[in-house]
Amino acid sequence: MRNYGEGRSIVARLYHGSDILDGILSVTEAEGVSTGVFEAIGALSSVELGYYDQAGHKYKSKRIDRPVEIISCIGNVSIRDESPFIHAHAALSDSDFNMIGGHLLGGMIFAAELYMHDLSSGKVEDLVRIPDEQTGLHLWKGR
Ligand code: ZN
């Protein structure tokens, strides 16, 4: 557990035709965010979702090649392999109002609005992801 200060709020429009994870990462890079949390809403023209197989320690993925609404995309920014890393999950709905969701592996932006809360203060060390044998994931390093 770590305590961060108040932080800094950033809002950004993510651009049509670009990948949503690339768009979020570009905001972190432009604003110097190394630790933070975010949410986004909007719409994607296609998306790739992941589901982590806890027994097999690997993601299975599903690509959806049709437009979806981003009902809720939430995630965080931390450091993995010495660079900012985006971890995002998304709840989406299709034209029949059916919900789908999962770990966000990528998605083509139709329109998206990002709210990011920058927790990088320089006073508290950045969150860093390291390999975790128990889960097979890269999880936040304890202190
Ligand atoms: Zn995830």
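For the structure itself, consult the block above.
Everything quoted here is computed from the prediction, not taken from an experiment.

(A) Up close: the packing of aromatic side chains. Using the criterion set out here, one finds one aromatic pair in the structure. Sitting over the ring of phenylalanine 85, arginine 80 keeps its end group 5.3 Å from the ring centre.

(B) Summary view of the coordination of the zinc ion. For the zinc ion, the protein coordination sphere consists of His87 (NE2), His89 (NE2) and His103 (ND1), at 2.0 to 2.1 Å. Here the donor residues of the zinc ion share one chain and are spaced in sequence as H-x1-H-x13-H. Classification of histidine 87 as partly exposed rests on a relative accessible area of 22%. You can call histidine 89 partly exposed: its relative accessible area is 38%.

(C) Representation of the pairing of strand β3 (residues 58-64). As defined by bridge partners, strand β2 (residues 36-53) adjoins β3 across seven bridges and the pair is classed as antiparallel. Bridging across to β3, glutamate 48 finds its partner in arginine 63.

(D) Seen up close, the environment of isoleucine 20. With respect to the element layout, isoleucine 20 can be found in helix α1 (residues 20-31). Residue isoleucine 20 is classed as buried on the basis of its relative accessible area of 0%. For the pair formed by isoleucine 20 and leucine 127, sequence separation is 107 residues and the distance between their alpha carbons is 22 Å. The contact partners of isoleucine 20, leaving out residues within four places of it in the chain, are Leu14, Leu44, Ile70, Leu104, Gly106, Gly107 and Ile109.

(E) Looking closely at the side chain of threonine 28. Within the secondary structure, threonine 28 is located in helix α1. Among the residues examined, threonine 28 registers a relative accessible area of 1% and is labelled buried. Residues contacting threonine 28, with those up to four places away along its chain left out, are Val33, Val77, Pro84, Ile86 and Met116.

(F) View of the pattern of salt bridges. Applying the stated criterion across every chain yields a total of five salt bridges. Arginine 8 is the salt-bridge partner of glutamate 31, the closest N and O atoms lying 2.9 Å from each other. Here arginine 8 lies in strand β1 (residues 8-14) and glutamate 31 lies in helix α1, a separation of 23 residues in the sequence. Glutamate 31 sits in the partly exposed class, given a relative accessible area of 35%. On the basis of relative accessibility, which here comes to 32%, the residue arginine 8 falls in the partly exposed class. One salt bridge in this structure joins aspartate 65 and arginine 63, with 2.9 Å as the shortest N-O distance. For aspartate 65, a relative accessible area of 58% translates into the label exposed.

(G) Spotlight on the nonpolar core. Membership of the largest hydrophobic core comes to 26 residues, with the highest contact counts inside it found for Phe38 and Leu104. If you list the elements that add at least two residues to this core, you get β1, α1, β2, β4 (68-80), β5 (83-93) and β6 (99-118). Once residues within four sequence positions are removed from consideration, leucine 104 is found in contact with Ile20, Leu21, Val47, Glu48, Leu49, Cys73, Ala88, His89 and Ala90.

Basis of the calculations
Residues numbered from 1 in each chain as written. Predicted model: local features only at pLDDT ≥ 70, side-chain atom pairs only at ≥ 80, totals over all residues. Heavy atoms only, no water. Phe/Tyr/Trp six-rings, centres within 6.5 Å; stacked < 30°, edge-to-face > 60°. Lys NZ or Arg CZ within 6 Å of the ring centre and 35° of its normal. Donors = N, O, S within 2.8 Å, 3.2 Å for Na, K, Ca; no water. Buried < 20%, exposed > 50% of the residue type's maximum accessible area, 1.4 Å probe, protein only. Pairing = 2+ DSSP bridges. Helix = DSSP H or I, 4+ residues; strand = E, 2+ residues; numbered from the N terminus. Contact = heavy atoms within 4.5 Å. Salt bridge = Lys/Arg side-chain N within 4 Å of Asp/Glu carboxyl O. Core = buried A, V, L, I, M, F, W, Y, C linked by side-chain atoms within 4.5 Å.

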